[in-house]
Amino acid sequence: MGAVELKPLLEEGLSRAVLSKPRRDSPYSKVTVRPVIVDEELRYQFEYRQGEKVTHANLLPLEAEAALAELIRRDFRQALLQTPAHDYQVLDGEKVLRRPPTGKPAELAHDRRKRRLLEEGKPVPFLVELGVMTPDGKVRAQHYDKFRQVNRFLELVDDVVPRRSLRIVDFGSGKSYLTFALYHLLAVERGLDVDIVGLDLKEDVIERCGALAHTLGYEGLRFEVGDIALFEGAPADVVVSLHACDTATDAALERAVRWRSEVILAVPCCQHELYGQVHDNELEPLLSHGILRERFAALATDAARAQLLGVVGYDAQVIEFVDLEHTAKNLLIRAVRKRDSVETAAMERYRIFKERLGIDAALERALADVLPA
Ligand SMILES: C[S@@+](CC[C@H](N)C(=O)[O-])C[C@H]1O[C@@H](n2cnc3c(N)ncnc32)[C@H](O)[C@@H]1O
(Lines give C-alpha, C1' and ligand atoms only; values in the text may rest on other atoms or scores of the structure.)
Protein backbone atom coordinates (compact mmCIF):
# COMPACT_ATOMS: atom_id res chain seq x y z
CA MET A 1 0.00 0.00 0.00
CA GLY A 2 2.73 2.46 -0.88
CA ALA A 3 4.12 4.56 1.92
CA VAL A 4 1.44 3.95 4.54
CA GLU A 5 1.92 0.83 6.66
CA LEU A 6 -1.41 0.18 8.37
CA LYS A 7 -0.73 -3.07 10.22
CA PRO A 8 1.22 -1.62 13.18
CA LEU A 9 -1.35 1.10 13.46
CA LEU A 10 -4.26 -1.36 13.65
CA GLU A 11 -2.28 -3.30 16.25
CA GLU A 12 -2.20 -0.15 18.38
CA GLY A 13 -5.99 -0.42 18.27
CA LEU A 14 -7.72 1.82 15.75
CA SER A 15 -10.44 3.73 17.59
CA ARG A 16 -11.66 5.86 14.66
CA ALA A 17 -10.80 6.77 11.11
CA VAL A 18 -12.21 9.64 9.06
CA LEU A 19 -11.47 9.83 5.34
CA SER A 20 -12.20 13.19 3.73
CA LYS A 21 -11.27 15.40 0.76
CA PRO A 22 -12.36 12.85 -1.87
CA ARG A 23 -10.51 12.69 -5.16
CA ARG A 24 -12.50 13.81 -8.19
CA ASP A 25 -13.45 10.33 -9.39
CA SER A 26 -14.23 8.88 -5.93
CA PRO A 27 -17.80 7.58 -5.53
CA TYR A 28 -17.74 8.59 -1.84
CA SER A 29 -17.88 11.99 -0.19
CA LYS A 30 -16.68 10.67 3.17
CA VAL A 31 -15.92 7.37 4.89
CA THR A 32 -15.68 6.79 8.64
CA VAL A 33 -14.47 3.62 10.35
CA ARG A 34 -14.91 2.43 13.92
CA PRO A 35 -14.38 -0.88 15.72
CA VAL A 36 -17.48 -2.85 16.70
CA ILE A 37 -18.15 -6.27 18.17
CA VAL A 38 -20.21 -8.64 16.03
CA ASP A 39 -20.88 -12.16 17.29
CA GLU A 40 -18.21 -11.60 19.94
CA GLU A 41 -15.59 -10.87 17.29
CA LEU A 42 -13.83 -7.63 16.48
CA ARG A 43 -14.93 -6.02 13.22
CA TYR A 44 -14.38 -2.59 11.74
CA GLN A 45 -17.56 -0.84 10.66
CA PHE A 46 -17.12 1.24 7.51
CA GLU A 47 -19.71 3.96 6.92
CA TYR A 48 -19.66 5.09 3.30
CA ARG A 49 -21.32 8.40 2.41
CA GLN A 50 -22.39 8.97 -1.22
CA GLY A 51 -24.26 12.29 -1.20
CA GLU A 52 -27.38 11.63 0.87
CA LYS A 53 -26.95 7.90 0.78
CA VAL A 54 -25.19 6.08 3.64
CA THR A 55 -24.15 2.41 3.53
CA HIS A 56 -22.31 0.22 6.04
CA ALA A 57 -20.00 -2.79 5.97
CA ASN A 58 -18.52 -4.70 8.91
CA LEU A 59 -15.11 -6.05 7.97
CA LEU A 60 -12.68 -8.45 9.62
CA PRO A 61 -9.40 -6.81 10.71
CA LEU A 62 -7.40 -8.03 7.71
CA GLU A 63 -10.18 -7.04 5.29
CA ALA A 64 -10.40 -3.67 7.03
CA GLU A 65 -6.68 -3.12 6.65
CA ALA A 66 -6.89 -3.81 2.91
CA ALA A 67 -10.06 -1.72 2.43
CA LEU A 68 -8.66 1.22 4.35
CA ALA A 69 -5.40 1.08 2.43
CA GLU A 70 -7.29 1.05 -0.88
CA LEU A 71 -9.54 3.97 0.11
CA ILE A 72 -6.54 6.02 1.21
CA ARG A 73 -4.66 5.20 -1.98
CA ARG A 74 -7.51 5.62 -4.44
CA ASP A 75 -10.29 7.79 -3.05
CA PHE A 76 -9.21 10.29 -0.41
CA ARG A 77 -6.59 12.96 -0.13
CA GLN A 78 -6.88 13.15 3.62
CA ALA A 79 -7.28 10.52 6.33
CA LEU A 80 -7.28 10.88 10.10
CA LEU A 81 -6.53 7.59 11.85
CA GLN A 82 -6.84 7.60 15.65
CA THR A 83 -5.45 5.07 18.12
CA PRO A 84 -5.13 5.36 21.91
CA ALA A 85 -1.45 6.16 21.35
CA HIS A 86 -1.42 8.48 18.35
CA ASP A 87 -3.31 10.48 15.78
CA TYR A 88 -2.04 9.81 12.28
CA GLN A 89 -2.84 12.18 9.47
CA VAL A 90 -2.27 10.76 6.00
CA LEU A 91 -2.03 13.26 3.18
CA ASP A 92 -2.34 12.25 -0.47
CA GLY A 93 -2.02 8.58 0.44
CA GLU A 94 1.65 9.00 1.27
CA LYS A 95 2.70 11.58 3.78
CA VAL A 96 2.03 10.47 7.36
CA LEU A 97 2.08 12.93 10.24
CA ARG A 98 2.09 11.40 13.73
CA ARG A 99 0.77 13.43 16.62
CA PRO A 100 -0.21 12.84 20.26
CA PRO A 101 -3.66 11.25 20.57
CA THR A 102 -6.77 13.44 20.71
CA GLY A 103 -9.54 10.83 20.43
CA LYS A 104 -11.29 8.90 23.18
CA PRO A 105 -10.63 5.16 23.40
CA ALA A 106 -13.21 3.25 21.36
CA GLU A 107 -16.12 2.08 23.47
CA LEU A 108 -17.12 -1.38 22.41
CA ALA A 109 -20.32 -2.86 23.75
CA HIS A 110 -18.72 -6.24 24.45
CA ASP A 111 -15.01 -5.89 24.02
CA ARG A 112 -13.72 -9.46 23.76
CA ARG A 113 -10.37 -8.58 22.28
CA LYS A 114 -7.57 -10.37 24.07
CA ARG A 115 -6.92 -8.53 27.30
CA ARG A 116 -3.40 -7.33 27.74
CA LEU A 117 -1.55 -8.54 30.79
CA LEU A 118 -0.55 -4.97 31.57
CA GLU A 119 -3.39 -2.56 31.07
CA GLU A 120 -3.26 1.08 30.26
CA GLY A 121 -4.84 3.10 33.05
CA LYS A 122 -3.56 0.76 35.75
CA PRO A 123 -0.17 2.02 36.95
CA VAL A 124 2.54 -0.63 36.97
CA PRO A 125 5.37 0.51 39.28
CA PHE A 126 8.31 -0.61 37.12
CA LEU A 127 6.82 0.98 34.00
CA VAL A 128 6.27 4.21 35.92
CA GLU A 129 9.88 4.14 37.16
CA LEU A 130 11.17 3.45 33.65
CA GLY A 131 9.11 6.37 32.31
CA VAL A 132 6.88 4.23 30.06
CA MET A 133 3.78 5.12 32.13
CA THR A 134 2.79 8.25 33.97
CA PRO A 135 2.12 7.79 37.71
CA ASP A 136 -1.61 7.51 36.96
CA GLY A 137 -1.04 4.68 34.47
CA LYS A 138 -1.25 6.48 31.16
CA VAL A 139 1.21 5.13 28.60
CA ARG A 140 3.39 7.97 27.33
CA ALA A 141 2.89 8.34 23.58
CA GLN A 142 6.59 8.04 22.78
CA HIS A 143 6.81 4.77 24.74
CA TYR A 144 3.73 3.08 23.34
CA ASP A 145 5.87 0.72 21.23
CA LYS A 146 7.78 -0.35 24.31
CA PHE A 147 4.50 -0.95 26.14
CA ARG A 148 3.31 -3.19 23.29
CA GLN A 149 6.60 -5.06 23.25
CA VAL A 150 6.49 -5.72 26.99
CA ASN A 151 2.90 -6.95 26.76
CA ARG A 152 3.66 -9.22 23.82
CA PHE A 153 6.64 -10.69 25.66
CA LEU A 154 4.52 -11.38 28.74
CA GLU A 155 1.83 -13.09 26.68
CA LEU A 156 4.47 -15.36 25.16
CA VAL A 157 5.89 -16.11 28.62
CA ASP A 158 2.55 -16.61 30.32
CA ASP A 159 1.58 -19.40 27.93
CA VAL A 160 4.55 -21.62 28.83
CA VAL A 161 6.13 -20.77 32.17
CA PRO A 162 5.06 -23.18 34.94
CA ARG A 163 3.19 -21.71 37.92
CA ARG A 164 5.52 -22.70 40.74
CA SER A 165 8.63 -21.34 42.38
CA LEU A 166 11.19 -20.68 39.68
CA ARG A 167 14.79 -19.75 39.18
CA ILE A 168 15.30 -17.67 36.06
CA VAL A 169 18.42 -16.27 34.44
CA ASP A 170 18.24 -13.49 31.86
CA PHE A 171 21.47 -13.57 29.86
CA GLY A 172 22.43 -10.22 28.35
CA SER A 173 19.70 -8.41 30.30
CA GLY A 174 20.87 -4.92 29.29
CA LYS A 175 18.48 -2.18 30.38
CA SER A 176 16.18 -4.98 31.56
CA TYR A 177 12.70 -3.66 30.75
CA LEU A 178 11.68 -7.23 29.96
CA THR A 179 13.43 -8.65 33.04
CA PHE A 180 11.46 -6.28 35.26
CA ALA A 181 8.34 -7.20 33.33
CA LEU A 182 8.98 -10.88 33.95
CA TYR A 183 9.39 -10.28 37.67
CA HIS A 184 6.23 -8.18 37.75
CA LEU A 185 4.18 -10.88 36.02
CA LEU A 186 5.46 -13.85 37.99
CA ALA A 187 6.16 -12.44 41.45
CA VAL A 188 3.79 -9.47 41.70
CA GLU A 189 0.80 -10.57 39.60
CA ARG A 190 1.01 -14.35 39.96
CA GLY A 191 2.45 -14.33 43.50
CA LEU A 192 5.11 -16.95 42.64
CA ASP A 193 8.32 -17.34 44.58
CA VAL A 194 10.86 -16.39 41.91
CA ASP A 195 14.58 -15.80 41.91
CA ILE A 196 15.58 -13.90 38.79
CA VAL A 197 19.16 -13.01 37.89
CA GLY A 198 19.92 -10.54 35.11
CA LEU A 199 23.46 -10.95 33.77
CA ASP A 200 25.27 -8.51 31.54
CA LEU A 201 28.79 -7.42 30.66
CA LYS A 202 28.07 -3.75 31.30
CA GLU A 203 28.81 -2.66 34.84
CA ASP A 204 27.02 0.71 34.71
CA VAL A 205 23.82 -0.82 33.33
CA ILE A 206 23.86 -3.59 35.93
CA GLU A 207 24.35 -1.05 38.69
CA ARG A 208 21.37 1.01 37.53
CA CYS A 209 19.14 -2.05 37.23
CA GLY A 210 20.13 -3.26 40.71
CA ALA A 211 19.29 0.17 42.14
CA LEU A 212 15.90 0.14 40.43
CA ALA A 213 15.08 -3.36 41.73
CA HIS A 214 15.94 -2.09 45.20
CA THR A 215 13.75 1.02 44.81
CA LEU A 216 10.85 -1.16 43.69
CA GLY A 217 11.37 -3.60 46.56
CA TYR A 218 11.77 -6.50 44.09
CA GLU A 219 13.63 -8.79 46.46
CA GLY A 220 13.78 -11.77 44.12
CA LEU A 221 15.38 -9.82 41.28
CA ARG A 222 19.16 -9.46 41.22
CA PHE A 223 21.66 -8.21 38.67
CA GLU A 224 25.21 -9.40 38.15
CA VAL A 225 28.08 -8.36 35.92
CA GLY A 226 29.48 -11.26 33.92
CA ASP A 227 29.94 -13.09 30.66
CA ILE A 228 27.34 -15.68 29.70
CA ALA A 229 29.99 -18.24 28.81
CA LEU A 230 31.65 -17.94 32.22
CA PHE A 231 28.53 -17.75 34.39
CA GLU A 232 28.79 -20.00 37.41
CA GLY A 233 25.40 -19.51 39.04
CA ALA A 234 23.01 -22.32 39.95
CA PRO A 235 20.99 -23.97 37.15
CA ALA A 236 17.85 -22.13 36.09
CA ASP A 237 14.37 -23.49 35.32
CA VAL A 238 13.87 -20.77 32.75
CA VAL A 239 16.58 -19.20 30.59
CA VAL A 240 15.90 -15.90 28.89
CA SER A 241 18.18 -14.23 26.37
CA LEU A 242 16.76 -11.30 24.48
CA HIS A 243 18.69 -9.58 21.72
CA ALA A 244 22.03 -10.91 22.98
CA CYS A 245 24.38 -10.32 20.10
CA ASP A 246 25.46 -12.95 17.56
CA THR A 247 26.75 -16.13 19.23
CA ALA A 248 26.03 -14.84 22.78
CA THR A 249 22.60 -16.38 22.11
CA ASP A 250 24.28 -19.74 21.49
CA ALA A 251 26.17 -19.48 24.77
CA ALA A 252 22.82 -18.91 26.52
CA LEU A 253 21.17 -21.82 24.69
CA GLU A 254 24.08 -24.10 25.56
CA ARG A 255 23.72 -23.17 29.21
CA ALA A 256 20.00 -23.92 29.16
CA VAL A 257 20.51 -27.29 27.48
CA ARG A 258 23.21 -28.35 29.93
CA TRP A 259 21.06 -27.26 32.86
CA ARG A 260 18.05 -29.05 31.32
CA SER A 261 16.11 -25.85 31.84
CA GLU A 262 12.39 -26.31 31.35
CA VAL A 263 11.75 -23.22 29.26
CA ILE A 264 13.97 -21.17 26.96
CA LEU A 265 13.00 -17.78 25.57
CA ALA A 266 15.55 -16.38 23.14
CA VAL A 267 15.27 -13.46 20.75
CA PRO A 268 18.41 -13.71 18.60
CA CYS A 269 20.07 -10.65 17.21
CA CYS A 270 22.95 -9.78 14.87
CA GLN A 271 23.35 -13.37 13.65
CA HIS A 272 26.58 -12.79 11.73
CA GLU A 273 28.17 -16.17 12.21
CA LEU A 274 26.81 -17.97 9.16
CA TYR A 275 26.98 -14.98 6.81
CA GLY A 276 30.42 -15.96 5.56
CA GLN A 277 29.68 -19.68 5.64
CA VAL A 278 26.47 -20.24 3.70
CA HIS A 279 27.23 -21.68 0.34
CA ASP A 280 24.85 -23.24 -2.17
CA ASN A 281 25.30 -22.93 -5.93
CA GLU A 282 21.58 -23.26 -6.59
CA LEU A 283 20.85 -20.42 -4.18
CA GLU A 284 23.32 -18.01 -5.77
CA PRO A 285 20.59 -15.67 -7.07
CA LEU A 286 19.68 -15.16 -3.41
CA LEU A 287 23.09 -15.38 -1.78
CA SER A 288 24.81 -13.02 -4.19
CA HIS A 289 22.90 -10.01 -2.78
CA GLY A 290 24.44 -8.83 0.49
CA ILE A 291 21.21 -7.91 2.23
CA LEU A 292 19.41 -11.10 1.15
CA ARG A 293 22.41 -13.17 2.15
CA GLU A 294 22.43 -11.48 5.56
CA ARG A 295 18.75 -12.18 6.16
CA PHE A 296 18.97 -15.71 4.83
CA ALA A 297 22.02 -16.43 7.03
CA ALA A 298 20.17 -15.06 10.08
CA LEU A 299 17.14 -17.25 9.34
CA ALA A 300 19.37 -20.28 8.74
CA THR A 301 21.08 -19.63 12.10
CA ASP A 302 17.75 -19.63 13.91
CA ALA A 303 16.51 -22.66 11.99
CA ALA A 304 19.67 -24.52 13.05
CA ARG A 305 19.16 -23.45 16.68
CA ALA A 306 15.52 -24.51 16.76
CA GLN A 307 16.33 -27.84 15.10
CA LEU A 308 19.20 -28.57 17.49
CA LEU A 309 16.97 -27.77 20.48
CA GLY A 310 14.52 -30.28 19.03
CA VAL A 311 17.32 -32.87 18.85
CA VAL A 312 18.12 -32.49 22.56
CA GLY A 313 14.57 -32.83 23.85
CA TYR A 314 12.82 -29.48 23.40
CA ASP A 315 9.69 -28.56 21.52
CA ALA A 316 10.99 -25.43 19.86
CA GLN A 317 8.83 -22.84 18.13
CA VAL A 318 9.92 -19.76 16.25
CA ILE A 319 7.37 -17.03 16.88
CA GLU A 320 7.00 -13.45 15.73
CA PHE A 321 7.96 -10.96 18.39
CA VAL A 322 7.88 -7.18 18.38
CA ASP A 323 11.15 -5.43 18.03
CA LEU A 324 11.55 -1.73 18.41
CA GLU A 325 14.43 -0.95 16.14
CA HIS A 326 15.02 -3.54 13.44
CA THR A 327 12.23 -5.56 11.92
CA ALA A 328 14.70 -8.30 10.99
CA LYS A 329 15.21 -8.96 14.72
CA ASN A 330 11.65 -9.91 15.46
CA LEU A 331 11.79 -13.65 16.06
CA LEU A 332 11.53 -15.42 19.38
CA ILE A 333 12.72 -18.99 19.83
CA ARG A 334 10.47 -20.45 22.50
CA ALA A 335 11.44 -23.93 23.61
CA VAL A 336 9.86 -26.15 26.24
CA ARG A 337 11.66 -29.25 27.45
CA LYS A 338 9.64 -32.39 26.68
CA ARG A 339 12.04 -35.33 26.59
CA ASP A 340 15.27 -36.54 28.18
CA SER A 341 16.25 -38.56 25.13
CA VAL A 342 17.95 -37.23 22.00
CA GLU A 343 16.16 -37.46 18.67
CA THR A 344 18.37 -39.13 16.09
CA ALA A 345 15.88 -38.55 13.25
CA ALA A 346 15.87 -34.81 14.02
CA MET A 347 19.68 -34.87 14.04
CA GLU A 348 19.68 -36.53 10.64
CA ARG A 349 17.45 -33.74 9.29
CA TYR A 350 19.80 -31.19 10.84
CA ARG A 351 22.81 -32.83 9.11
CA ILE A 352 21.10 -32.71 5.71
CA PHE A 353 20.29 -29.04 6.30
CA LYS A 354 23.80 -28.11 7.39
CA GLU A 355 25.49 -30.03 4.59
CA ARG A 356 23.22 -28.46 2.00
CA LEU A 357 24.20 -24.98 3.21
CA GLY A 358 27.80 -25.81 4.09
CA ILE A 359 27.44 -24.43 7.62
CA ASP A 360 29.03 -25.19 10.97
CA ALA A 361 26.86 -23.55 13.61
CA ALA A 362 28.19 -22.37 16.99
CA LEU A 363 25.44 -24.21 18.89
CA GLU A 364 26.30 -27.49 17.21
CA ARG A 365 29.96 -27.09 18.18
CA ALA A 366 29.02 -26.12 21.73
CA LEU A 367 26.78 -29.17 22.15
CA ALA A 368 29.04 -31.63 20.31
CA ASP A 369 29.28 -33.97 23.34
CA VAL A 370 25.50 -34.01 23.83
CA LEU A 371 24.34 -34.46 20.23
CA PRO A 372 23.97 -37.94 18.68
CA ALA A 373 27.05 -39.07 16.76
C1 LIG B 1 20.87 -5.39 22.54
S2 LIG B 1 21.13 -5.56 24.27
C3 LIG B 1 19.60 -6.31 24.77
C4 LIG B 1 19.21 -6.03 26.18
C5 LIG B 1 17.90 -6.63 26.66
N6 LIG B 1 17.99 -8.07 26.81
C7 LIG B 1 16.76 -6.27 25.77
O8 LIG B 1 16.25 -7.13 25.06
O9 LIG B 1 16.35 -5.11 25.77
C10 LIG B 1 22.27 -6.91 24.34
C11 LIG B 1 22.94 -7.02 25.68
O12 LIG B 1 23.64 -8.25 25.74
C13 LIG B 1 24.84 -8.04 26.45
N14 LIG B 1 25.78 -9.09 26.09
C15 LIG B 1 26.29 -9.39 24.87
N16 LIG B 1 27.14 -10.42 24.94
C17 LIG B 1 27.18 -10.80 26.25
C18 LIG B 1 27.87 -11.81 26.94
N19 LIG B 1 28.71 -12.63 26.31
N20 LIG B 1 27.68 -11.93 28.28
C21 LIG B 1 26.82 -11.08 28.91
N22 LIG B 1 26.13 -10.11 28.29
C23 LIG B 1 26.30 -9.96 26.98
C24 LIG B 1 25.27 -6.64 26.02
O25 LIG B 1 26.13 -6.05 26.96
C26 LIG B 1 23.94 -5.91 25.92
O27 LIG B 1 23.60 -5.23 27.09
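Rules of the game
Residues numbered from 1 in each chain as written. Predicted model: local features only at pLDDT ≥ 70, side-chain atom pairs only at ≥ 80, totals over all residues. Heavy atoms only, no water. Helix = DSSP H or I, 4+ residues; strand = E, 2+ residues; numbered from the N terminus. Buried < 20%, exposed > 50% of the residue type's maximum accessible area, 1.4 Å probe, protein only. Contact = heavy atoms within 4.5 Å. Areas by Shrake-Rupley, 256 points an atom, 1.4 Å probe, with all protein chains shown as cover. Pairing = 2+ DSSP bridges. Axes fitted to C-alpha atoms, helices over the stretch in contact; angles between N-to-C directions. Expected span 1.5 Å × (residues − 1). Phe/Tyr/Trp six-rings, centres within 6.5 Å; stacked < 30°, edge-to-face > 60°. Lys NZ or Arg CZ within 6 Å of the ring centre and 35° of its normal. Polar contact = N/O pair within 3.5 Å; in protein donor to acceptor, adjacent residues only side chain to side chain. Domains from an automatic or database assignment. Buried area = accessible area lost by both parts, 1.4 Å probe. Salt bridge = Lys/Arg side-chain N within 4 Å of Asp/Glu carboxyl O. Nonpolar A, V, L, I, M, F, W, Y, C, P; charged D, E, K, R; others polar.

Caption draft 1: Representation of the overall build of the protein. Helix and strand content of the protein: 11 helices and 14 strands. Taking all 373 residues of the protein together, 49% fall into the buried category. Contacts in the protein between residues at least 24 apart in sequence constitute 65% of all its contacts with a sequence separation of at least 6. On the protein, roughly 18,700 Å² of surface is accessible, and the fraction owed to carbon and sulfur atoms is 49%.

Caption draft 2: Main features of the sheet that holds strand S3 (residues 41-50). Spatially, seven strands are ordered S4-S3-S2-S1-S5-S6-S7 in an open sheet, and the strand pairing comes out antiparallel. Strand pairing shows two members of the sheet lacking a second neighbour, strand S4 (53-59) and strand S7 (95-99), which therefore form its edges. Going from strand to strand, the sheet's axes swing by 20° on average, the running direction of each strand aside. By the bridge criterion, five bridges tie strand S5 (residues 76-82) to strand S6 (residues 87-91) in an arrangement that is antiparallel. What sits directly across from Gln78, in S6, is Leu91.

Caption draft 3: Molecular detail of the sheet that holds strand S13 (residues 314-320). The seven strands are arranged S10-S9-S8-S11-S12-S14-S13 in an open sheet whose pairing can be described as mixed. In this open sheet, the two strands that pair with only one neighbour each are strand S10 (221-225) and S13. Between one strand and the next, the sheet's axes are offset by a mean angle of 15°, whatever the strand orientation. Here S13 pairs with strand S14 (residues 331-337) via seven bridges, running antiparallel. Directly across from Ile319, in S14, lies its bridge partner Leu332. Sheet contacts for helix H6 (residues 203-216): strand S9 (194-200) and S10; angle to S10, the most-contacted strand, approximately 165°.

Caption draft 4: Representation of helix H4 (residues 144-158) within the structure. Here H4 spans 21 Å end to end across 15 residues, near enough to the 21 Å set by a 1.5 Å rise per residue. In terms of burial, H4 is largely enclosed, as 13 of its 15 residues are buried.

Caption draft 5: Focus on the packing of aromatic side chains. Following the criterion strictly, the structure yields nine aromatic pairs and no others. The ring of Tyr177 is capped by Lys146, whose NZ or CZ atom sits 4.1 Å from the centre of that ring. When the ring centre of Tyr275 is taken as reference, the NZ or CZ atom of Arg293 above it lies at 5.5 Å.

Caption draft 6: The arrangement of the pairing of S5 in detail. With six bridges joining them, strand S1 (residues 16-22) and S5 adopt antiparallel strand pairing. Bridged to Ala17 within S5 is Leu81.

Caption draft 7: Inspection of the side chain of Glu273 at higher detail. With respect to the helices, strands and loops of the structure, Glu273 is situated in the loop between strand S12 (263-269) and helix H8 (284-287). Exposure remark for Glu273: the relative accessible area of 17% places this residue in the buried category. A polar side-chain atom of Glu273 sits 3.0 Å from the main-chain amide nitrogen of Ala362. Ignoring any residue separated from it by four or fewer positions in sequence, one finds Glu273 in contact with Asp246, Thr247, Asp360, Ala361, Ala362 and Arg365.

Caption draft 8: Spatial organisation of the domain arrangement of the protein. Annotation of the protein at the domain level lists domain 1 (7-99) and domain 2 (125-366). Between the C-alpha centres of domain 1 and domain 2 there is a distance of 37 Å. Listed per partner, the contact involves six residues of domain 1 and four residues of domain 2. Together domain 1 and domain 2 conceal approximately 470 Å² of surface at their shared face, both sides included; 46% is due to carbon and sulfur atoms. Counting the contacts that link domain 1 with domain 2 gives zero salt bridges. The interface formed by domain 1 and domain 2 holds one residue pair in polar contact (both at pLDDT 80 or more) in total. Partitioning the side of domain 1 that touches domain 2 into residue classes produces three nonpolar, one polar and two charged.

Caption draft 9: Expanded view of the environment of Ala362. Mapped onto the fold, Ala362 is located in helix H11 (residues 362-366). In this view, Ala362 contacts Thr247, Asp250 and Glu273; residues no more than four positions away in its chain are not counted.

Caption draft 10: Seen up close, the pattern of salt bridges. Using the criterion set out here, one finds 29 salt bridges in the structure. A salt bridge links Glu273 to Arg365; the shortest N-O distance between them is 3.2 Å. Note that Glu273 is positioned in the loop between S12 and H8 and Arg365 in helix H11, a separation of 92 residues in sequence. For Arg365, a relative accessible area of 44% translates into the label partly exposed. The partner of Arg337 in a salt bridge is Asp340, and the shortest N-O contact between them spans 3.5 Å. Looking at Arg337, the relative accessible area reads 16%, which means it is buried. Bridged by salt links that share partners, the residues Glu70, Arg73, Arg74 and Asp75 form one connected network.

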